[in-house]
Amino acid sequence: MDIKAFYNLTYGVYIVSSLDDKRPVGCVANSVMQITAEPPLIAVSINHENFTNSCIEKTKRFCITVLGENINPLVIGIFGFRSSKDFDKFRTVKYELKQNLPVVSEGCSYFVCELVSKAETETHTVFIGKVIDAEMLSSDTPMTYSYYQRVIKAKTPKNAPTYIKEQK
Ligand SMILES: Cc1cc2nc3c(=O)[nH]c(=O)nc-3n(C[C@H](O)[C@H](O)[C@H](O)COP(=O)(O)O)c2cc1C
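Throughout what follows, the structure given in this document is the object of discussion. Along each chain, residue indices are assigned from 1 in the same order as the chain's sequence is written. Given that the model is predicted, a residue must reach a pLDDT of at least 70 before its local features are reported, and side-chain atom pairs must reach 80 or more before they are shown or counted; all residues, however, enter totals for whole chains, interfaces and linings. The side-chain numbers reported here are obtained from all heavy atoms of the structure, hydrogens and water having been left aside.

We now examine the side chain of Ser18. Looking at where Ser18 falls in the secondary structure, it is placed in strand β1 (residues 14-20). The term polar contact refers here to a pair of N or O atoms within 3.5 Å; inside protein, the definition further demands a hydrogen-donor-capable atom paired with an acceptor-capable atom, and it admits residues adjacent in sequence only when both atoms are side-chain atoms. Polar contacts involving the side chain of Ser18 include one to the side chain of Thr59, which spans 3.1 Å. Ser18 has contacts with Arg23, Pro24, Val25, Cys55, Ile56, Thr59, Arg61, Leu101 and Pro102, leaving out every residue within four places of it along the chain. Secondary structure elements follow DSSP: runs of H or I no shorter than four residues count as helices, runs of E no shorter than two count as strands, and numbering proceeds from the N terminus. Contact criterion: two residues are considered in contact whenever any of their non-hydrogen atoms come within 4.5 Å of each other.

Here it is as structure tokens:
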């Protein structure tokens, strides 16, 4: 199998958020896609080890904030490489509550979702949510995963579906 074939799959870069009791939590995810228009359904794949996974399981709700090219890279650094298990990530960014879920204010747009279905794999849960609220936040160009790799030049942690083991 040629691992390079996977490089041709395209993605965006998002914050997937939820609540731990009343505390806002969330992580970076590239694996977001729209499933259907009517009803409006969105899916995201979240690793079992990510704290965000257990919070979506408990609350049955999640929110997707679309990140733009002008986002402060520190937001991706904190939300993509630290865990809400032991760190209050939302203390480090400006955010607002939409339908009681945290939205990163610097984002391009957001989608508030109610969990309607999920699929389990060995390492990740694919959560499918029905969009109950969505708004535009700015006119910034949505960041693609390839922009993240080419321009921001940061790594991808092992819990991301797109993680590729470094060759020895
Ligand atoms: C660019 C990028 C994309 C990522 N995509 C995903 C993803 O789609 N699914 C996932 O489970 N983790 C993904 N991650 C990893 C999580 O953001 C990371 O494991 C995070 O620390 C989990 O935080 P939590 O424990 O607070 O949930 C990604 C990270 C980066 C930097």
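Let us keep going from here.
What follows is about the site of the ligand. Near the ligand, the surroundings consist of 26 residues, among which Ser31, Thr52, Arg82, Ser83 and Ser84 are the closest. The contact in question runs from an oxygen atom of the ligand to an N or O atom on the backbone of Phe79, over 3.5 Å. Both cavities and pockets are sets of points on a 1 Å grid over the protein atoms alone; in a cavity a 1.4 Å probe fits but cannot get out, in a pocket the set is open with protein on both sides within 12 Å along at least five of seven lines, and lining residues sit with an atom within 4 Å of a point. Those molecules having more than half of their atoms within 2 Å of a cavity or pocket grid point set are described as sitting in that cavity or pocket. Taking a 2 Å distance to the grid points as the criterion, the majority of the atoms of the ligand fall inside the second largest pocket. Contributions of two or more residues to the shell around the ligand are made by β2 (23-29), β4 (41-47), α1 (51-59), α2 (73-81) and α3 (145-152). Considering each element in turn, the shell around the ligand owes the most residues, four residues, to β2. We call a residue near a molecule or strand when any one of its heavy atoms sits within 4 Å of it.

Here the focus is unusual backbone geometry. That bond from Glu38 to Pro39 is cis: its omega, 5 degrees, falls within 30 degrees of zero. Turning to its location among the elements, Pro39 is positioned in the loop between β3 (32-36) and β4. Positive phi is not limited to glycine here, since Asp21 has a value of about 60 degrees. Summarising the element assignment, Asp21 is placed in the loop between β1 and β2. With a phi angle near 50 degrees, Gln99 is a residue other than glycine that sits in the positive phi range. Within the fold, Gln99 resides in the loop between β6 (95-98) and β7 (101-104). Categorising residues by exposure relies on relative accessible area from a 1.4 Å probe, with only protein chains included: less than 20% of the type maximum marks a residue as buried, more than 50% marks it as exposed, and the intermediate range marks it as partly exposed. Overall, Gln99 belongs to the partly exposed group, its relative accessible area being 43%.

To continue, consider the layout of surface pockets. It is a probe the size of a water molecule, rolled over the atoms, that shows where empty space is left. Grid points are joined across faces, edges and corners, and a volume is the space filled by probe spheres set on the points. Its boundaries defined by the atoms lining it, the largest pocket holds a volume of some 830 Å³. Around the largest pocket, the lining comprises 29 residues; the ones closest to its centre are Tyr145, Gln149, Thr162, Tyr163 and Ile164. Where the lining of the largest pocket is concerned, the elements lending two or more residues are β3, β4 and α3. When residue character is reported, Ala, Val, Leu, Ile, Met, Phe, Trp, Tyr, Cys and Pro are called nonpolar, Asp, Glu, Lys and Arg charged, and the others, Gly included, polar. Taken together, the residues that form the lining of the largest pocket break down as 16 nonpolar, 10 polar and three charged. Taken as a whole, the second largest pocket holds about 480 Å³ of empty space. Together, 32 residues line the second largest pocket, and Val28, Asn50, Gly80, Pro157 and Asn159 are the ones closest to its centre. Within the lining of the second largest pocket, the residues separate by chemical class into 14 nonpolar, 13 polar and five charged.

Here we come to the sheet that holds β2. Paired strands, as defined in this entry, are two strands with at least two bridges between them according to DSSP. Taken in spatial order, the seven strands make up an open sheet running β2-β1-β5-β8-β9-β4-β3, and their pairing is antiparallel. Each having just a single partner strand, β2 and β3 make up the two edges of the open sheet. Across this sheet, the average inter-strand angle for adjacent strands is 35 degrees, counted without regard to direction. One ladder, built from 11 bridges, connects strand β8 (residues 109-120) with strand β9 (residues 124-136); its direction is antiparallel. Paired with Glu114 across the bridge in β9 is Lys130. Against the sheet, α1 contacts β1, β2, β4, β5 (61-66), β8 and β9, and its axis sits at roughly 55 degrees relative to β1. A fitted line through C-alpha atoms serves as each axis, taken over the contacting stretch for helices, and the angle formed by two N-to-C directions is quoted from 0 to 180°. Each of β1 and β2 touches α2; the most contacted strand, β2, lies at about 100 degrees to it.

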